[in-house]
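Residue strings, one per chain:
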Amino acid sequence: MVYITGDRHGNFRDLMEFSDSHQLTAEDLIIVLGDAGVNYYLHGRDRKPRKQAARIPATILCIHGNHEARPASLPHLYREIPWRGGLVYQEEAYPNLLFAKDGEIYDIAGLSTLVIGGAYSIDKDWRQANGIPWFADEQADEATKHHVEEVLTERGWQVDIVLSHTCPATYTPTEAYFEGIDQSTVDTSMERWLDGLEDRIDYRRWYCGHWHIDKTVDKVHFLYAAIEPFGAGL
């Protein structure tokens, strides 16, 4: 089985309980839509979520969020390995915990699945003021965007599933805005770029996290606490 869920921010306890209750094995897969939180503090506090993830027998595939360092920036920890038709990042000490590479297309449950990580952090200033890491490469850069568009062009702009951390701008859940945040200061370039992709891609379902909300609009599924079967109903 393949399951998909939203941001965990360093707490895998509910996934551990889900794994136990569903008797998951190494043949099963859980997808986390960014902000897994295992590369957030970049010191000892990151060991706890890693150890929790290691207790889950299933493979865990994380896409890149905005509250974690990119695995490519941590070459002392991660190596690239082939996985389901693409490349992923793996840490030798925690082999069941994988990170997707932006722009890769994986064969997951027989569905072509494109990954696009990254988002803007509205808590950027607070983190910097309080000595908590903020990552300047949290959003997709121009090279990554170009790569994604090239991959889609080669496929005639058709994939079954898109996994992104944030959502296309059209689907922005304004009800999930945090109070006290001046939205005119928020960088929405990532969402606007995804919006352009969403207009062109022939897809069957789009999954995203980031917004800490569980809801479905058209073919776009927002996930946070919910854990659901991947591609259910397709």
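To be clear, the structure that these remarks concern was listed above.
1. Notes on the overall build of the protein chain
Piece 1. A count of helical and extended segments in the protein chain gives five helices and 13 strands.
Piece 2. Whereas a compact globule of 234 residues would reach a radius of gyration of roughly 17 Å, the protein chain reaches 17 Å, a difference of no more than 12%.
Piece 3. C-alpha atoms of the protein chain, sized along the principal axes, occupy 45 × 40 × 30 Å.
Piece 4. In the protein chain, which comprises 234 residues, the proportion classed as buried is 55%.
Piece 5. Counted over contacts in the protein chain with a minimum sequence separation of 6, partners at least 24 positions apart contribute 71%.
Piece 6. By element, 49% of the accessible surface of the protein chain is carried by carbon and sulfur atoms, the whole surface being about 10,600 Å².

2. What to know about helix H5 (residues 189–200)
Piece 1. Compared with the 16 Å implied by 1.5 Å per residue over twelve residues, the 17 Å span of H5 between its first and last C-alpha is a close match.
Piece 2. If you check which residues of H5 are buried, you get Met 190, Glu 191, Trp 193, Leu 194, Asp 195, Leu 197 and Glu 198.
Piece 3. Of the surrounding elements, those touching the buried residues of H5 are strand E8 (111–116), helix H4 (142–154), strand E9 (161–164) and strand E10 (205–208).

3. Quick look at the packing of H4 against H5
Piece 1. Contact geometry of H4 with H5 gives a least axis separation of 12 Å together with a crossing angle of 10°. One finds that H4 runs roughly parallel with respect to H5. Two secondary-structure elements touch here, H4 through Lys 145, Val 148, Glu 149 and Leu 152 and H5 through Ser 189, Trp 193 and Leu 197.
Piece 2. Partitioning the contact of H4 with H5 into residue classes produces four nonpolar, one polar and two charged.

4. Quick notes on the pattern of salt bridges
Proximity of charged atoms lets side chains of opposite charge pair with each other.
Piece 1. All told, the structure shown has eight salt bridges when counted by the stated rule.
Piece 2. For Glu 91, the salt bridge identified is with Arg 50, shortest N-O distance 2.8 Å. With Glu 91 in strand E5 (residues 86–91) and Arg 50 in helix H2 (residues 47–54), this residue pair connects regions lying 41 residues apart in the sequence.
Piece 3. Exposure remark for Arg 50: the relative accessible area of 7% places this residue in the buried category.

Criteria and thresholds
Residues numbered from 1 in each chain as written. Predicted model: local features only at pLDDT ≥ 70, side-chain atom pairs only at ≥ 80, totals over all residues. Heavy atoms only, no water. Helix = DSSP H or I, 4+ residues; strand = E, 2+ residues; numbered from the N terminus. Rg over C-alpha atoms; globule rule 2.2 N^0.38 Å. Buried < 20%, exposed > 50% of the residue type's maximum accessible area, 1.4 Å probe, protein only. Contact = heavy atoms within 4.5 Å. Areas by Shrake-Rupley, 256 points an atom, 1.4 Å probe, with all protein chains shown as cover. Expected span 1.5 Å × (residues − 1). Axes fitted to C-alpha atoms, helices over the stretch in contact; angles between N-to-C directions. Parallel < 35°, antiparallel > 145°, perpendicular 65-115°, else oblique. Nonpolar A, V, L, I, M, F, W, Y, C, P; charged D, E, K, R; others polar. Salt bridge = Lys/Arg side-chain N within 4 Å of Asp/Glu carboxyl O.

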